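The lines below spell out each chain.
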Amino acid sequence: DGDVEQGDENDNEITLQSDLLRPGRKMAIVTTASIPWFTGTSVNPLLRAAYLSRLTKTINSDHANGTEQMVTLVIPWLEMEEDRLELYGDKNNFTSP
């Protein structure tokens, strides 16, 4: 059969867990790559975090009840400086995360 199974009528319903507009929500975007690489894997999480951060400013200003939304971008960090120099080069070496 080439029939496509139809979803439940509640498939598009926003749940408590999926509601990005809920005040007090904490979000973390985790990536395995970051700038200085200019790949989709590094740029997309950065743009997603920036978009969500802007959205949370609006939500936080609309709900002055003390529960703020937060957005955190988690990026990889190499502890050893020689590893950072080898991977990023002299021009893109950072001394702290």
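Before any of the text, the structure's been laid out above.
Residues numbered from 1 in each chain as written. Predicted model: local features only at pLDDT ≥ 70, side-chain atom pairs only at ≥ 80, totals over all residues. Heavy atoms only, no water.

Visitor: Could you clarify how one ought to interpret the environment of Pro23 in this entry?
Guide: Here Pro23 is to be found in the segment before strand 1 (26-30). The spacing of Pro23 and Thr56 is 33 residues in sequence and 8.5 Å in space, taken between C-alpha atoms. (Helix = DSSP H or I, 4+ residues; strand = E, 2+ residues; numbered from the N terminus.)

Visitor: Explain helix 1 (residues 40-62) to me, please; I cannot follow it from the model alone.
Guide: Because the α-helix completes a turn every 3.6 residues, residues three or four places apart line up on one side. For helix 1, built from 23 residues, the straight-helix expectation of 33 Å at 1.5 Å per residue is met to within 8% by its first-to-last C-alpha distance of 33 Å. Taken together, the buried positions of helix 1 are occupied by Ser42, Pro45, Ala49, Leu52, Thr56, Ile59 and Asn60. Elements that come into contact with the buried residues of helix 1 comprise strand 1 and strand 2 (70-74). (Expected span 1.5 Å × (residues − 1). Buried < 20%, exposed > 50% of the residue type's maximum accessible area, 1.4 Å probe, protein only. Contact = heavy atoms within 4.5 Å.)

Visitor: Looking at this structure, how should I read the environment of Thr32?
Guide: Residue position: Thr32 is located in the loop between strand 1 and helix 1. Expressed as a C-alpha distance, the spacing of Thr32 and Pro45, which sit 13 residues apart in the sequence, is 9.7 Å. If near-sequence neighbours (up to four positions away) are discounted, Thr32 is found in contact with Thr41 and Pro76.

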